[in-house]
Structure formats: structure tokens, C-alpha cells
Amino acid sequence: MAPPPQIIRVIDLETTGDKPPAHAVCEIGWQDVALGIDGRWELYGEGGSRMVNPGRPIPPLTMAIHHIRDEDVADAPWWHDVARPILDPWPRRVALAAHRASFEEQFCTPALTRGADWICTYKCALRLWSDSPGFSNQFLRYYRMPEGLEHERGLPAHRAFPDAYVTAHHLRDMLNSVSVAQLIEWSKLPGLLPRVRYGPDRGKEWSEIDDDSLDAFLQDRDPDIRYTAEVELERRRGHGRVLRPDRQPVLF
């Protein structure tokens, strides 16, 4: 019998807020994507989810998003008891993935993941599907209509398993276009934005704005905007290369 294939595990978290340790996880969901014998990546296994006791009340603001109540997690296990088996299915796991993975990485620390690499499907979508008008997980779901996505299985939105299931379809299609190594490399860089986000040039491609506007964006506090402006500046200088994070100007 052939051994189980290696996998990339897509993770989605529902939490009490976005700033640990003040906030904590109240649900984790996952869905695996694996390389088939035909050389194509596909969803693998049933995935799943686990409730987690966050050890603190869930604020109404976040309950209004995911609809998980304090009584739903009162008898659930603690995060340190749940996290490692889900995040570290060693030795089968090649990497972890999430949409806007920086959020999950705050809670899924290297100690829990055995130092796994992460793929951020948001950052990769910016590069692979730059013509999309939006890049949220659910927008891409309906803009792209990924093949094989079962509508009801991907609902309700803003719950851990359905969101991981939807993200897994984006990841599958990315993996069938470029290599794992390329997705990991893009994920370690800031996001490369296809269009200007705000101001008089909002909606324009970066190549369309004048030098003065570009200079202003080089000092922006948003690292994605700052990085994208640097890449465009390099293009105008004729270098055309993507800068590493250590080439970014530092704001104090």
C-alpha cells in the first residue's frame, strides 16, 4: 500500500480578537491539499474543526462575526492541547497555509508548528490573479468560482472549517500554476499590490502614477504599499527586480 501523500495544511482560526496574548483562539479549522500521482494538487481528506476554550470572554464584536458564544466553548479543550496535533502532522506536512497568514501566525507560533513555512494565499493571489477587483477569501470564491467547490460545504463564512475549505481551493489552483517554493517565497515578502489603494490615484496601476505620487508612497506606513512603491521605483530605474524585505526603508 502506498504511503499517505505529503500535504499542505490550510488553517483558519476564529478568535476573540486580533492581538494575542490579550486575545485567544476559540476555533481552528483545517483542510489538506496533496500532490496526486498525476502530478496535480487536489484537496485531500475531509478536513475538520475543533472548538477551543479561549480562557476569556468572547467580545460581542467578534461574536457578531463568527457567532461563537461563550457557552459554545466552555467545555472545549485549551489551545495548547489542541494546536500541536493539528498544526504539526509530521512528517507529512510540507507547509501550512492561510488567507492573510500573518493573522494565523500570531497564534500558531513556531513552537507549535515545528517552525513550518507558511503560504499566504492572499499575498499569492495579488501576484497570480492581479486582475481581480478584490482579494478577500470570499470575494475570490465568487469571482473565481473554483472548480469542485461545494457551495454548502463552504458555509457559513467566518467559521473555521468552511473558510479553510474555501482557501484550500484557492491554494490548489495556485499550486497547479507555480511551485511550492515560489508561493513560500512570495509569502515571506510584503504584498505586491496591483493597484493604488487610496488617494487621488486610487484604482490606478502603479505604472500609471507620476513620480511625485510614487515618492509619497515610499514613505507610507503600510509595508505592502511601501514595498510595492519600491518595486515600481526599481522598475522605472530599469532594474525590474523584486526587492527583499531588508531593502525596504525603515520608518521610526
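About the criteria used
Residues numbered from 1 in each chain as written. Predicted model: local features only at pLDDT ≥ 70, side-chain atom pairs only at ≥ 80, totals over all residues. Heavy atoms only, no water. Helix = DSSP H or I, 4+ residues; strand = E, 2+ residues; numbered from the N terminus. Rg over C-alpha atoms; globule rule 2.2 N^0.38 Å. Contact = heavy atoms within 4.5 Å. Areas by Shrake-Rupley, 256 points an atom, 1.4 Å probe, with all protein chains shown as cover. Lys, Arg positive; Asp, Glu negative; His and termini not counted. Charge placed at Lys NZ, Arg CZ, Asp CG, Glu CD. Salt bridge = Lys/Arg side-chain N within 4 Å of Asp/Glu carboxyl O. Buried < 20%, exposed > 50% of the residue type's maximum accessible area, 1.4 Å probe, protein only. Pairing = 2+ DSSP bridges. Axes fitted to C-alpha atoms, helices over the stretch in contact; angles between N-to-C directions. Domains from an automatic or database assignment. Buried area = accessible area lost by both parts, 1.4 Å probe. Polar contact = N/O pair within 3.5 Å; in protein donor to acceptor, adjacent residues only side chain to side chain. Nonpolar A, V, L, I, M, F, W, Y, C, P; charged D, E, K, R; others polar. Expected span 1.5 Å × (residues − 1). Parallel < 35°, antiparallel > 145°, perpendicular 65-115°, else oblique. Left-handed = near helix turned anticlockwise from the far one by under 90°.

Named according to an unreviewed UniProt entry, the protein chain is 3'-5' exonuclease originating from Sphingomonas koreensis.

Chemist: Teacher, can you tell me more about the overall build of the protein chain here?
Modeler: Of the regular secondary structure elements, the protein chain holds 11 helices and 5 strands. Taken over the C-alpha trace, the protein chain has a radius of gyration of 19 Å; the compact-globule value for 252 residues is 18 Å, and the two agree within 12%. With respect to the three principal axes, the spread of C-alpha positions in the protein chain is 55 × 45 × 35 Å. In the protein chain, once contacts between residues fewer than 6 apart in sequence are set aside, the share between residues at least 24 apart is 60%. Carbon and sulfur atoms provide 54% of the accessible area of the protein chain, an area that totals close to 13,000 Å². Averaged over its 31 positive side-chain charges, the protein chain has a centre that lies 3 Å from the centre of its 38 negative ones.

Chemist: Where do I start with the pattern of salt bridges in this structure?
Modeler: Once the charged atoms of two side chains with opposite charge are near each other, the side chains can pair. Across all of its chains, the model carries 18 salt bridges by this definition. R84 is paired through a salt bridge with D88; the nearest N and O atoms lie 4.0 Å apart. By relative accessible area, which is 8% here, D88 ends up buried. D201 is the partner of K204 in a salt bridge, and the nearest nitrogen-oxygen pair spans 3.1 Å.

Chemist: When you look at the sheet that holds strand β3 (residues 41–51) in this model, what are you seeing that I'm missing?
Modeler: One key point about sheets: their strands pair by backbone hydrogen bonds, in either a parallel or an antiparallel sense. The sheet built from 5 strands is open, its strands ordered β3-β2-β1-β4-β5 with mixed pairing. Edge positions in the open sheet fall to β3 and β5 (118–120), since each of these has one partner strand only. The average undirected angle you get between the axes of adjacent strands in this sheet is 25°. Pairing analysis gives 4 bridges linking strand β1 (residues 7–15) to strand β4 (residues 93–98), with the strands arranged parallel. Following the sheet pairing, I7 is matched in β4 by R93. Most of the contacts of helix α3 (residues 79–87) go to strand β2 (residues 25–35), to which it runs at about 10°, and overall it touches β1, β2, β3 and β4. Most of the contacts of helix α6 (residues 121–128) go to β5, to which it runs at about 50°, and overall it touches β4 and β5.

Chemist: Explain the environment of P5 to me, please; I cannot follow it from the model alone.
Modeler: Inspection of the secondary structure assignment puts P5 in the segment before β1. Relative accessible area serves as the criterion here: at 24%, P5 is assigned to the partly exposed category. For the pair P5 and R202, spaced 197 residues apart in sequence, the C-alpha separation works out to 45 Å. Discounting residues that sit within four places of it in the chain, P5 has contacts with A34, L35, Y44 and R92.

Chemist: What am I meant to see in α6 here?
Modeler: The α-helix winds at 3.6 residues per turn, so residues separated by three or four positions along the chain end up facing the same way. With 7 of its 8 residues buried, α6 lies for the most part within the structure. Residues of α6 that are buried: T121, Y122, K123, C124, A125, L126 and R127. Against β4, β5, α7 (137–144), α8 (160–175), α9 (180–188) and α11 (223–236) lie the buried residues of α6.

Chemist: How should I be thinking about the domain arrangement of the protein chain in this particular structure?
Modeler: How big an interface is tends to be expressed through the accessible area that disappears when the partners come together. Domain parsing of the protein chain yields domain 1 (7–188) and domain 2 (195–237). The centre of domain 1, based on its C-alpha atoms, is set 30 Å off from the matching centre of domain 2. At the boundary of domain 1 with domain 2, total buried surface from both sides reaches about 300 Å², with 17% on carbon and sulfur atoms. Area buried by domain 1 at its contact with domain 2 is led by Y122, R127 and S130, which between them contribute 63% of it. Taken together, the connections running from domain 1 to domain 2 amount to 0 salt bridges. Across the contact surface, domain 1 and domain 2 share 4 residue pairs in polar contact (both at pLDDT 80 or more). Its residues assigned to classes, the side of domain 1 that touches domain 2 shows 3 nonpolar, 2 polar and 2 charged.

Chemist: So what exactly am I meant to see when it comes to α8 here?
Modeler: Over its 16 residues, α8 extends 22 Å from the first C-alpha to the last, a length consistent with the 22 Å expected when each residue adds 1.5 Å. Most of α8 is tucked away: 16 of the 16 residues are buried.

Chemist: Teacher, can you tell me more about the packing of α6 against α8 here?
Modeler: Describing two packed helices takes the angle between their axes plus the distance from one axis to the other. Following both chains from N to C, one finds α6 and α8 inclined at 50°, their axes separated by 11 Å at the closest point. Judged by the inter-axis angle, α6 sits oblique to α8. Handedness of the crossing formed by α6 with α8: left-handed. For the pair formed by α6 and α8, the contact residues are T121, C124, A125 and L128 on the first element and T167, L171 and M174 on the second. Of the residues that constitute the contact of α6 with α8, the class distribution is 5 nonpolar, 2 polar and no charged.

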